[in-house]
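The chain contents come next:
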Amino acid sequence: TAITSPTSHCVDGSTDVITIEIVNFGGNTETTIPVSYNVNGGPAVNETISATVLPGDTITYSFATGAILSPAGSYTIDSWTSLPGDGNANNDTSTTTITIYPLPTVNLGADILLCAGETAILNTSNFGFISYLWGSGVTDSSITTGSAGTYDLTVTDGNGCSNSDTIIVTVNPALTLTMSSTSASCGGSDGTASVTVSGGTGPYTYVWDDPGAQTNG
């Protein structure tokens with residue numbers, strides 16, 4: 001008996017199919033072969049192969065009941081046959097140990113708010129991956145942007161495992177100021193100045209460049 005799958009792979013939470021190869025080393029044709037497997041010494045999964053296996057023939061069998069190999073870590077799979085009257089039980093058992101790799105951690109950080117004309121550098125908080133792929137197709141580890149939008153980054157590590165993160169960049173429109181004023185009367189201090197603001201995001205604050213540093217709009 002030999003276990004041919006699964007092999008080491010990235011964690012994904014799906015059910016792995018356990019596949020074995022069985023060689024009929026005996027001199028009789030077999031039609032009913034009890035087979036079993038377990039993971040890390042846990043409960044056995046028992047099934048029966050119904051097939052004609054001639055002496056010297058090899059068959060491949062995938063268990064109908066698979067195994068969920070999660071979380072990431074090392075898993076030992078034992079598989080065996082339980083054929084009544086088997087004259088050589090030494091070749092009835094097979095063991096393999098595989099590694100389930102964790103997904104890489106990619107973190108673009110909190111969403112970003114920019115003022116018009118500003119730029120931000122987008123990158124993950126940790127580096128050392130073998131590849132980077134932004135949603136725009138750029139393959140650099142970081143990009144610089146001053147444009148609003150949703151930015152996606154997928155990274156791949158040395159085990160071939162990939163993971164993604166998304167960040168939203170918001171750009172406030174530029175401020176527009178419209179000034180108006182009235183002249184002071186002769187010798188008086190009754191002149192006025194005012195400003196109307198549009199764009200940006202309110203509420204607004206005001207500081208006038210006058211001796212009183214007034215804060216009215």
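Is there a simple way to explain the pairing of strand β6 (residues 45–53) in this structure?
A regular strand places its side chains on the two faces of the sheet in alternate fashion. In this sheet, β6 lies alongside strand β5 (residues 30–39) in antiparallel orientation, the contact comprising seven bridges. Opposite Glu30, over in β6, you have Val53 as the bridge partner. Counting the residues between successive antiparallel strands, the hairpin from β5 to β6 contains five residues, one of them, Asn40, with a positive phi of roughly 50 degrees.

How should the sheet that holds strand β11 (residues 112–115) be read in this particular structure?
Two orientations exist for strands paired in a sheet by backbone hydrogen bonds: parallel and antiparallel. As summarised here, the arrangement of the four strands in space is β11-β16-β15-β13, forming an open sheet in which the pairing is mixed. A strand with exactly one partner marks an edge of an open sheet, and here the two such strands are β11 and β13 (131–134). Between one strand axis and the next, the sheet turns through 25 degrees on average, direction left out of account. Two elements, β11 and strand β16 (residues 162–172), share four bridges in a ladder whose sense is parallel. Bridged to Ile112 within β16 is Val169.

Can you walk me through the packing of aromatic side chains in this structure?
Within a pair of aromatic rings, the relevant descriptors are the distance that separates the centres and the angle that separates the planes. Under the criterion given, the structure shown has three aromatic pairs. With 5.4 Å between their ring centres and 75 degrees between their planes, Tyr61 and Phe63 make a pair best called edge-to-face. Using a relative accessible area of 18% as the deciding quantity, one classes Tyr61 as buried. Judged by relative accessible area, which is 4%, Phe63 ranks as buried. The interplanar angle of 70 degrees and the centroid separation of 5.9 Å between the aromatic rings of Phe129 and Tyr132 together place this pair among those described as edge-to-face. Under the relative-accessibility criterion, Phe129 is labelled buried at 14%. An aromatic cluster of at least three residues, connected via ring pairs, comprises Tyr37, Tyr61 and Phe63.

Where do I start with the pairing of strand β14 (residues 142–145) in this structure?
What you see with β14 is a clean split: Ile143 and Thr145 sit on the buried side and Ser142 and Thr144 on the side with no burial. As judged from the four bridges shared by strand β12 (residues 120–123) and β14, these two strands associate in the antiparallel manner. Pairing of Asn123 across the sheet is with Ser142, part of β14.

Each value, and the rule that gives it
- Residues numbered from 1 in each chain as written.
- Predicted model: local features only at pLDDT ≥ 70, side-chain atom pairs only at ≥ 80, totals over all residues.
- Heavy atoms only, no water.
- Pairing = 2+ DSSP bridges.
- Helix = DSSP H or I, 4+ residues; strand = E, 2+ residues; numbered from the N terminus.
- Axes fitted to C-alpha atoms, helices over the stretch in contact; angles between N-to-C directions.
- Phe/Tyr/Trp six-rings, centres within 6.5 Å; stacked < 30°, edge-to-face > 60°.
- Buried < 20%, exposed > 50% of the residue type's maximum accessible area, 1.4 Å probe, protein only.

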